[in-house]
Amino acid sequence: FSYVWPYRSTIALAIALLPVAAAIELAQPYLLKKAIDEHISVGRLAGLDRLGVLYLMALLGQSLAAFAQTYLTQLVGQKAMNDLRVQVHSHVLSLSAAFFDRTPLGRLMTRLTSDVEALNEMFASGLVSLLGDLIRLTFILIVLFGIDWRLALFSIGTAPILYGVAAYFRGWVRDAFRENRAKMSRLNAFLQEHLSGMKVVQAFAQEARVDGEFDTINVEYRRANSRAIFADASLYSIVEAVGSIAVAGLLWHGGARIAHATLTFGVLVAFIQYLEKFFAPIRDLSTKYTVMQQAM
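Residues numbered from 1 in each chain as written. Predicted model: local features only at pLDDT ≥ 70, side-chain atom pairs only at ≥ 80, totals over all residues. Heavy atoms only, no water.

S.K.: Quick rundown of the overall build of the protein? Include the residues and the values.
M.R.: A count of helices and strands for the protein gives 10 helices and 0 strands. Along the protein, helices (α) and strands (β) appear in the sequence α-α-α-α-α-α-α-α-α-α when read from the amino end. Taken over C-alpha atoms, the radius of gyration comes to 26 Å for the protein, far larger than the 19 Å a tight globule of 296 residues would show. In terms of principal-axis extent, the alpha carbons of the protein reach across some 90 × 40 × 25 Å. (Helix = DSSP H or I, 4+ residues; strand = E, 2+ residues; numbered from the N terminus. Rg over C-alpha atoms; globule rule 2.2 N^0.38 Å.)

In structure tokens:
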């Protein structure tokens, strides 16, 4: 945060755009609900064109706000990580020669390149976007309970399941990505040492031994990477499945209420769209959590 703080005015603007983008996005299902209930279902076309224009303006406004917010966040992330990379490089240059005798240079290369990039991803794709997702979730809940609180309670009934899934996968994903980073650092260190010392390897005819060691390290890194990918994919797919089950339950419950004339078709369509928008940030949270774990 000390590296981001010099660019706080730009960050403040990017954060200020988050609720604007969320509000514009959540206006779209409401406009669709009004179009269905007040115009399409009753055959009254007067005013429908005005709702269509408003819907189009909401789409354009959401796109512009999201573009500006993403651009500003990425810009600050690149500037902050550039400052960090320059400072780390200067620090490495100031270290004693004995430090480089003890420390594999490949590990230092990882610190200066991919590790700094992981921190950039944490900031640009993790923290600020996480705040935006939380704002969207809050707004969606307010709108859902404002339209129909009974249907809202039924719709979010799968939330405890998602919480349990996230709690179960949290430790698994964390350990998988920590192991992945450690194996990658070891692989980079091995490559740097043996490529820079290739003359020594060939002078003592150690090509076969070095090739075997590299193969072992490479296989370990591949397995660690596979475990991390499997953990990430499992979390994403389970959240997606729970969201689909929630939509199916909403169709069943809402359809029954429409049959008994206690719910309008427009409200059901709006709820389905809101529910899909509700699960989208949760699904993205799983991806952002893996980004955070890479940075950690």
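S.K.: Give a detailed account of the side chain of His194, specifying residues and quantitative values.
M.R.: Here His194 is to be found in helix 7 (residues 159-196). Relative accessible area serves as the criterion here: at 17%, His194 is assigned to the buried category. A polar atom in the side chain of His194 sits 2.9 Å from the backbone oxygen of Phe190. Ignoring anything within four residues of it in the chain, the contact list for His194 reads Val201, Val210 and Glu213. (Buried < 20%, exposed > 50% of the residue type's maximum accessible area, 1.4 Å probe, protein only. Polar contact = N/O pair within 3.5 Å; in protein donor to acceptor, adjacent residues only side chain to side chain. Contact = heavy atoms within 4.5 Å.)

S.K.: So what's going on with the nonpolar core? Which residues, and what values?
M.R.: Counting residues in hydrophobic clusters, the biggest one holds 31 residues, and the most contacted among them are Leu250, Phe271, Phe279 and Ile282. Within the residue set of this core, elements represented by two or more residues are helix 5 (114-147), helix 6 (149-155), helix 7, helix 9 (207-259) and helix 10 (265-295). When near neighbours in sequence (up to four residues on either side) are disregarded, Phe271 contacts Leu144, Ile147, Asp148, Leu151, Ala152, Ser155 and Leu250. Core analysis: the next-biggest nonpolar cluster, separate from the first, contains 13 residues, Ile11, Leu18, Ala80 and Val128 among them. (Core = buried A, V, L, I, M, F, W, Y, C linked by side-chain atoms within 4.5 Å.)

S.K.: Would you mind going over the layout of surface pockets in detail, with residue names and values included?
M.R.: Estimated volume of the second largest pocket: approximately 270 Å³. Along its surface, the second largest pocket is lined by 13 residues, and Leu18, Ala66, Gln69, Asp133 and Arg136 are the ones closest to its centre. Looking at side-chain class alone, the lining of the second largest pocket contains 4 nonpolar, 4 polar and 5 charged residues. (1 Å grid on protein atoms, 1.4 Å probe; cavity = no way out; pocket = protein on both sides within 12 Å on 5 of 7 lines; lining within 4 Å. Points joined across faces, edges and corners; volume = space filled by probe spheres on them. Nonpolar A, V, L, I, M, F, W, Y, C, P; charged D, E, K, R; others polar.)

S.K.: Hey, could you go over the packing of aromatic side chains for me, with residue numbers and the actual values?
M.R.: This structure, assessed with the given rule, holds 5 aromatic pairs. A ring pair is formed by Phe67 and Tyr71, whose centres lie 6.2 Å apart and whose planes are at 20°; its orientation type is stacked. Pair noted here: Phe67 and Tyr71 are both in helix 2 (residues 48-93), with a separation of 4 residues, about one helical turn. By relative accessible area, Tyr71 is classed as partly exposed at 48%. (Phe/Tyr/Trp six-rings, centres within 6.5 Å; stacked < 30°, edge-to-face > 60°.)

S.K.: So what about unusual backbone geometry? Which residues, and what values?
M.R.: Positive phi outside glycine occurs at Ala205, with the angle close to 55°. When you line up the elements, Ala205 lands in the loop between helix 8 (198-203) and helix 9. On the basis of relative accessibility, which here comes to 56%, the residue Ala205 falls in the exposed class.

S.K.: Give me the lowdown on the environment of Gly255, citing residues and values where you can.
M.R.: The topology assignment puts Gly255 in helix 9. Note: C-alpha distance between Gly255 and Phe265 (10 residues apart in sequence) is 8.4 Å.

S.K.: Can you break down the pattern of salt bridges residue by residue, with the values?
M.R.: Summed over the entire model, instances satisfying the criterion amount to 10 salt bridges. Taking the shortest distance from any N to any O, the salt bridge between Lys277 and Glu25 comes out at 3.4 Å. Of the two residues, Lys277 sits in helix 10 while Glu25 sits in helix 1 (residues 8-40), which places them 252 residues apart along the sequence. On the basis of relative accessible area, Glu25 is assigned to the buried category, the value being 9%. In this structure, Asp133 engages Arg136 in a salt bridge whose closest nitrogen and oxygen atoms are separated by 3.9 Å. In this pair, Asp133 and Arg136 both sit in helix 5, 3 residues apart, roughly one turn of the helix. Take Arg136: its relative accessible area is 16%, and that puts it in the buried class. Connected through salt bridges with shared partners, the residues Glu25, Asp133, Arg136 and Lys277 form a single ionic network. (Salt bridge = Lys/Arg side-chain N within 4 Å of Asp/Glu carboxyl O.)

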